[in-house]
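Okay, here's what each chain looks like letter by letter:
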Amino acid sequence: MIKSMTGYGKAIAETPQKKITIEIKSLNSKQLDLNTKLPWLYKEKEPEIRNLISQRLDRGKIDFSIFCDMLDDEVVTVINKTAVRNYYNQFREIASDLKIDLDDQIFTAIMKLPDTLKTEKQEMPEAEWEVVRKQIIESITMLDLYRIEEGNSITADLKKCIGKILSFLETIETFEAGRVSKVREKLNTLLEESVGKENVDKNRFEQELIFYLEKYDINEEKVRLKTHCDYFIETMNTDAPNGKILNFITQEIGREINTIGSKANDASIQKLVVMMKDELEKIKEQSLNVL
């Protein structure tokens, strides 16, 4: 079964204090490229989140985000009384040494100094994390189902392209006999024009013709191409991830098509080779998005 690397999932977790929106999306990539965007409250859970995603999604360029619409309510900014008192005492000592008076504005200056304000962060309740974790799994499941649906569409396209290549391969068979006759006629004409018809050694000519035709024989390439196409279909029916294997098979298919084209020495077969290459390009493009 083919899966696409493209997908999207979204889930919402709700607690009495806040509403948490979880989004995950993926695009094609050779490896797992995971980017996370998390509120500070969930930073400590990032390793677990990454583990949940990597176990299910294998590879792809994945963007994962958590949004909390009441996050500010959990952060309380308070005055650091100890720091303010220390600053004030130092200012008072300096003022005494300089024999100047301090006024109320000194507090405005003090509050602009480092560490006069501090943020007290609440710990995330374990019950809240269980709710969020469940919805993270739900969003991953939604993305995976999206991948399966996209994979079904890709499967149909790939099978169509492979089917056309096999059809063109069968059509090549109809030109095989004519190709040999054309080669024989062409070589015989060139030889007669070169040395004269009466000087042609027919036996030697037949021997050389056999040697020449062996160099341009494409039967092995046709058999291998058929085998690679069958293996491609077989691999599509295996469990994902199978995209990398399909890419390797695609390379082998391309190698056989190119060899047939270089050996064809026939305009009709060359035309079919071009059509096969066109279908192969479609396969390559689609395969890049297969998990």
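Let me sum up the structure you'll find in this document. (Residues numbered from 1 in each chain as written. Predicted model: local features only at pLDDT ≥ 70, side-chain atom pairs only at ≥ 80, totals over all residues. Heavy atoms only, no water.)

A few points about the nonpolar core
Keep this limit in mind: In plain words, nonpolar cores are sets of buried Ala, Val, Leu, Ile, Met, Phe, Trp, Tyr and Cys residues tied together by side-chain atoms within 4.5 Å. Here's how the labels work: a residue is buried when its accessible area is under 20% of the maximum for its type, exposed when over 50%, partly exposed in between, all with a 1.4 Å probe on protein chains only. The secondary structure listing takes helices from DSSP runs of H or I that are at least 4 residues long and strands from runs of E that are at least 2 residues long, numbered from the N terminus. Only heavy atoms enter the contact rule, under which two residues are in contact if any of them lie within 4.5 Å.
L158, I172, L225, F232, I253, I260 and M276 are the most contacted members of the largest nonpolar core, which has 28 residues in total. Of all the elements in the fold, those that place two or more residues in this core are α4 (126-195), α6 (219-236), α7 (243-264) and α8 (267-287). Of the residues forming this core, the biggest block, nine residues, is contributed by α4. If we ignore the near neighbours within four places in the chain, the residues touching L225 are I165, L169, I253, E256, I257, I260 and M276.

Looking at a negative patch on the surface
This is how the line gets drawn: Here, patches come from residues exposed beyond 30% relative accessible area and free of salt bridges, joined within 9 Å for like charges and within 5 Å for nonpolar side chains (Val, Leu, Ile, Met, Phe, Trp, Tyr). Computed with a 1.4 Å probe, the accessible areas rest on the Shrake-Rupley method; for each residue, only the protein chains presented here act as cover. Salt bridges, as used here, are contacts in which a Lys or Arg side-chain nitrogen is within 4 Å of a carboxyl oxygen on Asp or Glu. Charge assignment in this entry is limited to Lys and Arg as positive and Asp and Glu as negative, and neither His nor the chain termini are counted. All charge positions are set by atom: Lys at NZ, Arg at CZ, Asp at CG, Glu at CD.
A cluster of acidic side chains, namely E44, E123, E126 and E130, defines a negative patch on the protein surface. Looking at the secondary structure, you find E130 in helix α4.

Section: α6
Rules: Helix span is expected to be 1.5 Å times the residue number reduced by one. Each direction from the helix axis to a C-beta atom contributes to the arc, which is the arc of those directions.
If you check α6, its first and last C-alpha atoms are 26 Å apart, about what 18 residues at 1.5 Å a residue would give, namely 26 Å. Taken residue by residue, α6 has E221, K222, L225, H228, C229, F232, T235 and M236 as its buried positions. The buried residues of α6 occupy an angular sector of 155° when projected down its axis, which confines them to one face. The outward face of α6, more than 90 degrees from its buried face, is lined by the exposed residues E220, V223 and E234.

As for helix α1 (residues 46-57)
A rise of 1.5 Å per residue sets the reference length of α1, with its 12 residues, at 16 Å; its end C-alpha atoms lie 16 Å apart and thus fit the reference within 8%. Within α1, burial applies to E46, I49, L52, I53 and L57. On an axial view of α1, the arc spanned by its buried residues comes to 125°, and they lie on one face. Exposed positions of α1 whose direction lies more than 90 degrees from the buried face are P47 and Q55. Positive phi appears at D58, one or two residues downstream of α1, with a value of about 60°.

Focus on the packing of aromatic side chains
Just so we agree on the cut-off: Geometry of aromatic contacts follows a simple scheme: Phe, Tyr and Trp rings, the Trp one being its six-membered ring, pair when their centres are within 6.5 Å, and the pair is stacked under 30 degrees between planes, edge-to-face over 60, tilted otherwise.
Taken as a whole, this structure holds one aromatic pair when the rule is applied. Here Y88 and F107 contribute two aromatic rings whose centre-to-centre distance is 5.5 Å and whose plane-to-plane angle is 5°, an arrangement assigned as stacked. Of this pair, Y88 sits in helix α2 (residues 81-98) while F107 sits in helix α3 (residues 106-110); the two residues are 19 residues apart in sequence, bridging distant segments of the chain. When its relative accessible area of 40% is taken as the criterion, F107 is described as partly exposed.

Let's talk about the pattern of salt bridges
In this structure the tally under the stated criterion is 16 salt bridges. Ionic pairing is found between K282 and E279, a salt bridge with its closest N-O pair at 3.4 Å. On the criterion of helical spacing, the pair formed by K282 and E279 is a turn pair, its members being three residues apart in helix α8. Here E279 falls in the buried class, since its relative accessible area comes to 5%. In this structure, a network of salt bridges that share partners links the residues E220, E221, R224, E256 and K263.

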